[in-house]
Amino acid sequence: MRAPSPIGTWSGEFADTDTATYRRGMSVLRAFSDEVARLVELVRPAVLHVRTMRAGRRGLGGGSAVLVTPDGFALTNSHVVHGADGVEVTLHDGTTAVVDVVGSDPITDVAVLRVPRSTHSAPLGDSNALRVGETVVAVGSPLGLAHTVTLGVVSALGRTLPSPSGRLIDGVIQTDAPLNPGNSGGPLVNADGFVVGINTAIAPGQGLCFAVPANTAQFVLGEILRHGRVRRARLGVAAEEVWLAQVLAQRLDLPHNRGIAVRSVEPGSPASRAGLRVGDVLVRVNQQPLCSIADLHRVLDGTAIDKDMEVYVLRAGNLERLLVRPAELAA
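K.L.:
Help me understand the overall build of the chain, please; the structure alone is not making it clear to me.
P.N.:
If you tally the helices and strands in the chain, you get six helices and 21 strands. For the chain, the residues scored as buried account for 49% of the 331 residues in total. For the chain, the proportion of contacts with a sequence separation of at least 24, taken over those separated by at least 6, is 59%. Entry remark: accessible area of the chain is about 16300 Å², with carbon and sulfur atoms responsible for 53%.

In structure tokens form, the structure reads like this:
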């Protein structure tokens, strides 16, 4: 009869043969756990709890935000601060501060706050580099609880989500990292500690959570800091991100195998006048490759209004060049 094993050792029928395998497995799990904890320690000081006050409403609204610049600019969701008469944040050290809403963009559900005192910030990363299956961490302050952390993977890229403005947010990140009410506006962080998304929405009961890509948020931040609002040019198309066959991308000497497929063209729009068609796949504007909807948003900023742009599209397996003059998108 086998003698009882002491506490802290592997026991059982296969103890002699599986001890090394067990220890290797535990070592990998411990290393992964340590990395996640290290990641949270890096990002957590930049996460804010947001409280809002609105006239005529009882109680306070709430959400999260993340400081992304050393001089105190933070990102949150537009729907968190929309219509607020006052916004207050709680910093990592427990102190509170009344903050200014520098600007808000309901089209992307991104808003910019200015925090008067900032000691930590989390850098924005390149959301175009995200891969489906990549591990991500969501951090927020739901219901005022400090720094709730959830873990998951990138479930899908290029999703479309209705925004509070009624327009669609394109290029959205889908993740299974659980979000709770009040996580809105908090960061979605990759394994390198970069903010790759701003958490924005939950599909209740379905385990689906969504985040605005960091590249979109970076564009909005730049526009608001320069102009106080987001000035945009418009083509007049509805589009979605697609993957291209690798052999086609190589044959046409494209630097990537992603593009933006045109799903509809508004009659009388700049796209219609330029000859864009449903089924065209946009791969480059001027010298800017297009890998995502966020890339298209960036090239269609205020400087593109009423300026001729070279748009390269895939049509029937060939690369064609069109000349488009975008108009200004109405506020």
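Picking up where we left off.
K.L.:
Help me understand the nonpolar core in this model?
P.N.:
The tendency in soluble globular proteins is for nonpolar side chains to be buried as a group. Formed by 34 residues in total, the largest nonpolar core has its most connected members in Leu 48, Val 50, Val 66, Leu 75, Val 89, Leu 113 and Val 115. Of all the secondary structure elements, the ones that give two or more residues to this core are strand E1 (47-53), strand E2 (61-67), strand E3 (73-76), helix H2 (78-81), strand E4 (86-90), strand E7 (110-114), strand E12 (195-203) and helix H3 (214-227). Among the elements that line this core, the one with the most residues is H3, at six residues. Contacts of Val 66, omitting those with residues within four sequence positions, involve Ala 46, Val 47, Phe 73, Ala 74, Leu 75, Ala 122, Gly 185, Pro 187, Val 195 and Ile 198. The next biggest cluster of nonpolar side chains, apart from the first, holds 22 residues, and it includes Ala 233, Ile 260, Leu 282 and Leu 290.

K.L.:
Just checking my understanding: could you explain the side chain of Asn 215 for this structure?
P.N.:
Among the secondary structure elements, Asn 215 is positioned in helix H3. A polar contact of 3.1 Å, which involves the side chain of Asn 215, links it to the backbone nitrogen of Ser 127. Excluding residues that lie within four positions of it along the chain, Asn 215 makes contacts with Gly 125, Asp 126, Ser 127, Asn 128, Ala 294 and Arg 298.

K.L.:
Mind showing me how you'd approach the confidence of the model for the chain here?
P.N.:
Low-pLDDT stretches of the model should not have their predicted coordinates read in fine detail. For the chain, mean pLDDT is 86; residues scoring 70 or higher make up 86% of the total. Low confidence marks residues 1-7, where pLDDT is under 50. Its contacts with residues over four positions away, or in another chain, come to five contacts.

K.L.:
I keep staring at the sheet that holds strand E6 (residues 100-105) and nothing clicks. Help me out?
P.N.:
Within a sheet, each strand pairs with its neighbour through backbone hydrogen bonds, oriented either parallel or antiparallel. What the seven strands build is an open sheet, ordered E5-E4-E1-E2-E3-E7-E6; its pairing is antiparallel. Each edge of the open sheet carries a strand with a single partner, namely strand E5 (96-98) and E6. When strand polarity is set aside, the average angle formed by the axes of neighbouring strands in this sheet is 30 degrees. As defined by bridge partners, E1 adjoins E2 across six bridges and the pair is classed as antiparallel. Bridge pairing in E2 links Arg 51 to Gly 62. Across the sheet, H3 lies against E3, E6 and E7, angled at about 120 degrees from E6, the strand it touches most.

K.L.:
What am I meant to see in the packing of aromatic side chains here?
P.N.:
Any pair of aromatic rings gets described here by the distance separating the centres and the angle formed by the planes. Counted by the stated rule, this structure contains zero aromatic pairs. Over the aromatic face of Phe 73 sits the side chain of Arg 114, whose NZ or CZ is 4.6 Å from the ring centroid. Of note, Arg 258 hangs over the ring of Trp 243, and the distance from its end group to the ring centre comes to 5.1 Å.

K.L.:
Hey, could you run me through empty space enclosed by the protein in this one?
P.N.:
One water molecule sets the probe size; rolling that probe over the atoms shows where empty space is left. For the coordinates displayed, the defined rule picks out one cavity of 30 Å³ or more. Every residue along the wall of the largest cavity is listed here: Ser 127, Asn 128, Leu 157, Gly 158, Gly 171, Ile 173, Pro 213, Glu 241, Arg 258, Ser 292 and Ala 294. Where the lining of the largest cavity is concerned, the elements lending two or more residues are strand E9 (148-162) and strand E10 (168-175). In terms of residue class, the lining of the largest cavity is made up of four nonpolar, five polar and two charged.

K.L.:
Even after reading the chapter, I still don't get the environment of Val 110, so can you show me in this structure?
P.N.:
Mapped onto the elements of the fold, Val 110 is located in strand E7. When the C-alpha atoms of Val 110 and Ala 217 are compared, they prove to be 6.5 Å apart, with 107 residues separating the residues in sequence. Leaving out residues up to four positions away in the same chain, Val 110 has contacts with Leu 75, Thr 76, Asn 77, Ser 78, Ser 104, Asp 105, Val 212, Ala 217 and Val 220.

Calculation notes
Residues numbered from 1 in each chain as written. Predicted model: local features only at pLDDT ≥ 70, side-chain atom pairs only at ≥ 80, totals over all residues. Heavy atoms only, no water. Helix = DSSP H or I, 4+ residues; strand = E, 2+ residues; numbered from the N terminus. Buried < 20%, exposed > 50% of the residue type's maximum accessible area, 1.4 Å probe, protein only. Contact = heavy atoms within 4.5 Å. Areas by Shrake-Rupley, 256 points an atom, 1.4 Å probe, with all protein chains shown as cover. Core = buried A, V, L, I, M, F, W, Y, C linked by side-chain atoms within 4.5 Å. Polar contact = N/O pair within 3.5 Å; in protein donor to acceptor, adjacent residues only side chain to side chain. pLDDT = per-residue confidence, 0-100. Pairing = 2+ DSSP bridges. Axes fitted to C-alpha atoms, helices over the stretch in contact; angles between N-to-C directions. Phe/Tyr/Trp six-rings, centres within 6.5 Å; stacked < 30°, edge-to-face > 60°. Lys NZ or Arg CZ within 6 Å of the ring centre and 35° of its normal. 1 Å grid on protein atoms, 1.4 Å probe; cavity = no way out; pocket = protein on both sides within 12 Å on 5 of 7 lines; lining within 4 Å. Points joined across faces, edges and corners; volume = space filled by probe spheres on them. Nonpolar A, V, L, I, M, F, W, Y, C, P; charged D, E, K, R; others polar.

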